[in-house]
Amino acid sequence: MAEELPAAALPRMAQARMAQMRASGTWGSALTSDEFAAIRSVGFDPVGQVFGAAVYSVGHDGYRCPAAWRTPAELKQAGGKQAGGKQEERRPATQVSGPGDPGSFGPLVRAMGQARETAMDRLVAECRQLGGHGVVGVRLSIGSFPAGGPEFLAIGTAVRAQGAAPAPGAPFTSGLSGQDFAKLIMTGWVPAGLVLGISIGSRHDDLPTARQTRVTTGNAEVAGWTELVTESRRDARRQLEGDVRRFGAEGVVIETMPLRVRQRDCPAQVGRHDHVVEATFTGTAVTRFGPGGLRQGRPTLTVMSLNPERDQVSRIRI
């Protein structure tokens with residue numbers, strides 16, 4: 001996790017909001033009543049709703065088709081040769097944004113990573129100012145700012161262990177619900193931090209792909225598109241695993257893994273198309289704190305929502 005931001009690094013509005021919350025003697029949260037009961041059952045109290053946001057500008061030199069000719073500088077770096085002043089090598093048909101194969105979206109993904117870290121650092125800094133030991137129920141919102149660049153929003157509920165001294169290290173962050181957080185604690189595990197893996201891949205619709213997508217071909221796998229989805233997911237998974245190692249955790253509970261696919265006109269060949277895939281993994285890195293768990297042997301109480309439209313039943317131990 002990036003080094004925590006000091007209080008002075010928080011935006012002025014955030015500092016004013018923290019001061020007002022501390023002075024009021026009250027707290028707010030994004031928890032449901034079931035979640036509130038669940039975290040209380042394992043010895044934690046909410047201390048306030050916390051928030052972090054960041055918008056970044058992207059140093060991007062523009063999209064290039066994965067199948068376009070390499071520039072002389074790229075060809076020289078790759079060790080390729082030129083004949084008659086023309087490049088002899090094309091880029092790989094499929095490119096992803098990870099290290100070693102940055103493709104056209106490498107700068108964008110790096111900016112998204114920096115924006116995410118800044119937003120999470122501000123969320124954690126607010127938690128520390130409220131005397132919290134961690135943040136549960138963190139929800140990440142990833143969007144595009146109207147003027148350009150990625151926008152990251154993070155919101156959650158800061159919690160404090162009952163009767164415990166302030167934590168010496170950075171507070172934990174978790175995307176788990178209050179009920180899932182309680183189950184994790186009761187089985188001897190603790191959240192280490194919210195983790196994220198993002199990859200953006202692109203592929204040119206080459207002639208084999210065009211043939212495989214013809215109506216007359218019938219039912220057939222489109223190998224190029226399969227490769228694009230597979231490589232993008234694999235790269236996103238690598239980024240997620242790197243985040244887990246950064247927290248020193250043993251594993252990750254994956255919460256979401258959406259995949260967005262879009263088509264765009266190829267800038268290198270008129271009338272042809274490229275496909276772009278954005279793969280995202282979000283989850284909570286976890287580690288063990290003891291062989292047992294908390295409050296074992298207690299009876300199980302069924303807590304049912306008073307809202308008749310909700311049919312979820314949460315089981316917690318109290």
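Worth saying up front: this structure is predicted, and the values here are computed from it rather than measured.

A word on helix α2 (residues 33–41). When α2 is considered as a whole, its buried residues turn out to be D34, E35, A38, I39 and S41. End-on, the buried residues of α2 take up no more than an arc of 155°, which puts them together on one face. G43 lies just past α2 and shows a positive phi near 90°.

Turning to the packing of aromatic side chains, a few remarks are in order. The tally for this structure, following the rule as stated, stands at three aromatic pairs. For the ring pair F172 and F181, a centre distance of 5.8 Å and an interplane angle of 20° mean the geometry is stacked. Note on F172: relative accessible area 13%, which makes it buried. Taken together, the ring pairs in this structure connect F44, F172 and F181 into an aromatic cluster. Sitting over the face of the ring of F247, R246 holds its NZ or CZ atom 5.4 Å from the ring centroid.

This next bit is on the pattern of salt bridges. Side chains bearing opposite charge may pair, as long as their charged atoms lie close to each other. Tallying each qualifying case throughout the model produces ten salt bridges. Of the charged contacts, one joins E231 and R234 as a salt bridge, the two residues approaching to 2.4 Å between their closest N and O atoms. With E231 and R234 both in helix α7 (residues 223–246) and three residues apart, this pair spans about one turn of that helix. As a salt-bridge pair, E241 and R237 come within 3.5 Å of each other at their nearest N and O atoms. With E241 and R237 both in helix α7 and four residues apart, the pair spans about one turn of that helix. Residue E241 is classed as partly exposed on the basis of its relative accessible area, which comes to 35%. Of the residues examined, R237 reaches a relative accessible area of 32% and is grouped as partly exposed.

Analysis parameters
Residues numbered from 1 in each chain as written. Predicted model: local features only at pLDDT ≥ 70, side-chain atom pairs only at ≥ 80, totals over all residues. Heavy atoms only, no water. Buried < 20%, exposed > 50% of the residue type's maximum accessible area, 1.4 Å probe, protein only. Helix = DSSP H or I, 4+ residues; strand = E, 2+ residues; numbered from the N terminus. Arc of directions from axis to C-beta. Phe/Tyr/Trp six-rings, centres within 6.5 Å; stacked < 30°, edge-to-face > 60°. Lys NZ or Arg CZ within 6 Å of the ring centre and 35° of its normal. Salt bridge = Lys/Arg side-chain N within 4 Å of Asp/Glu carboxyl O.

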